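Residue-level structure breakdown
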Amino acid sequence: MAGSVSRRDFFKAGGMAGLAAGVAGLGIGSVLGVPEEAVAETITVTDFVYTCPVCGAKAVDYDALVSHFETEHPDASCGVPQCATLNINGNELKVQVEPQWTLRETLLKAVGLAGGAKEMCDRGGCGSCTVLIDGVPALACTTLAVQCEGKAIETSEGIAADERYRPLVEAYAKHDASQCGYCTPGQFTVAKYIIEKYGEPTEEQIREELAGNICRCGTYSRHVKAIQEAAAAMKGGN
């Protein structure tokens, strides 16, 4: 795998007039692109993903890194760098990891998805880093990356780029559910889970499922409106 990947390889990006600015708080503006023109953004991941832990040498892929390590540092106490194959938003990525790395820092630093799993409390108490693992909400800051091999990981970027969930993006923009946007990716991710689970969720169901997602701006009622409106539109095929 090459040392850099394009967002176009991750997602099917699409532009929509008047929407990009409104959803900037979701951290998905670069995915939506500008009106009538979706521009792929290149993410260089070489510096973090394929770097020798002993001398800092860069490699073009994981196999080259292992070859370098075995040739140049055969007696190194840290051992050969480990690699995990992660399925992120439907795409498999081979990522160099350490056993203690969380999924949150791996998504941010190794994969380059800065808009999704936000770092807020980093203690599993706020929900801002929530992703879906095999369709179920999980805290990326308390989940190890190596635990995710063989599982499907979804972030807010991938959900927002899915045309089926365009009504959810539009509803979040319409009801200004983002505010500062720091906690929004986690709430937006749980929103997909809610719609998948309930179809047309009640206010009580939405509030209960979002109870672990803390918003310092107090946008809770806006999420209810956005999710219900999106769910109705998706059921109606709009």
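Residues numbered from 1 in each chain as written. Predicted model: local features only at pLDDT ≥ 70, side-chain atom pairs only at ≥ 80, totals over all residues. Heavy atoms only, no water.

With respect to unusual backbone geometry
Positioned with a positive phi, Asp122 is a non-glycine residue whose angle comes to about 60 degrees. Structurally, Asp122 is set in the loop between helix 5 (103-111) and strand 5 (130-133). Overall, Asp122 belongs to the partly exposed group, its relative accessible area being 25%. The phi torsion at Asp176 lies on the positive side, around 50 degrees, for a residue other than glycine. Here Asp176 shows up in the loop between helix 7 (166-174) and helix 8 (184-198). (Helix = DSSP H or I, 4+ residues; strand = E, 2+ residues; numbered from the N terminus. Buried < 20%, exposed > 50% of the residue type's maximum accessible area, 1.4 Å probe, protein only.)

A word on the packing of helix 7 against helix 10 (residues 220-235)
It is at 8 Å that the axes of helix 7 and helix 10 come closest, and there the two elements cross at 145 degrees. Like other packed secondary-structure pairs, helix 7 and helix 10 cross with a definite hand, here right-handed. Along its contact with helix 7, which presents Pro167, Leu168, Ala171, Tyr172 and Lys174, the element helix 10 presents His223, Ala226, Ile227, Glu229, Ala230, Ala233 and Met234. In the contact of helix 7 with helix 10, the residues fall into 9 nonpolar, 1 polar and 2 charged. (Axes fitted to C-alpha atoms, helices over the stretch in contact; angles between N-to-C directions. Left-handed = near helix turned anticlockwise from the far one by under 90°. Contact = heavy atoms within 4.5 Å. Nonpolar A, V, L, I, M, F, W, Y, C, P; charged D, E, K, R; others polar.)

Some details on the pattern of salt bridges
Opposite charge on two side chains lets them pair, provided their charged atoms get close. Counted under the stated rule, the structure contains 11 salt bridges. The shortest N-O distance in the salt bridge between Arg104 and Asp122 comes to 3.2 Å. Separated by 18 residues along the polypeptide, Arg104 in helix 5 and Asp122 in the loop between helix 5 and strand 5 bring together distant segments of the chain. For Arg104, a relative accessible area of 5% gives the class buried. Close ionic contact of Glu229 with Lys174 constitutes a salt bridge, the shortest N to O distance being 3.2 Å. In this pair, Glu229 is assigned in helix 10 and Lys174 in helix 7, connecting sequence segments 55 residues apart. Several salt bridges converge on common partners, so that one network encompasses Arg104, Asp122 and Arg123. (Salt bridge = Lys/Arg side-chain N within 4 Å of Asp/Glu carboxyl O.)

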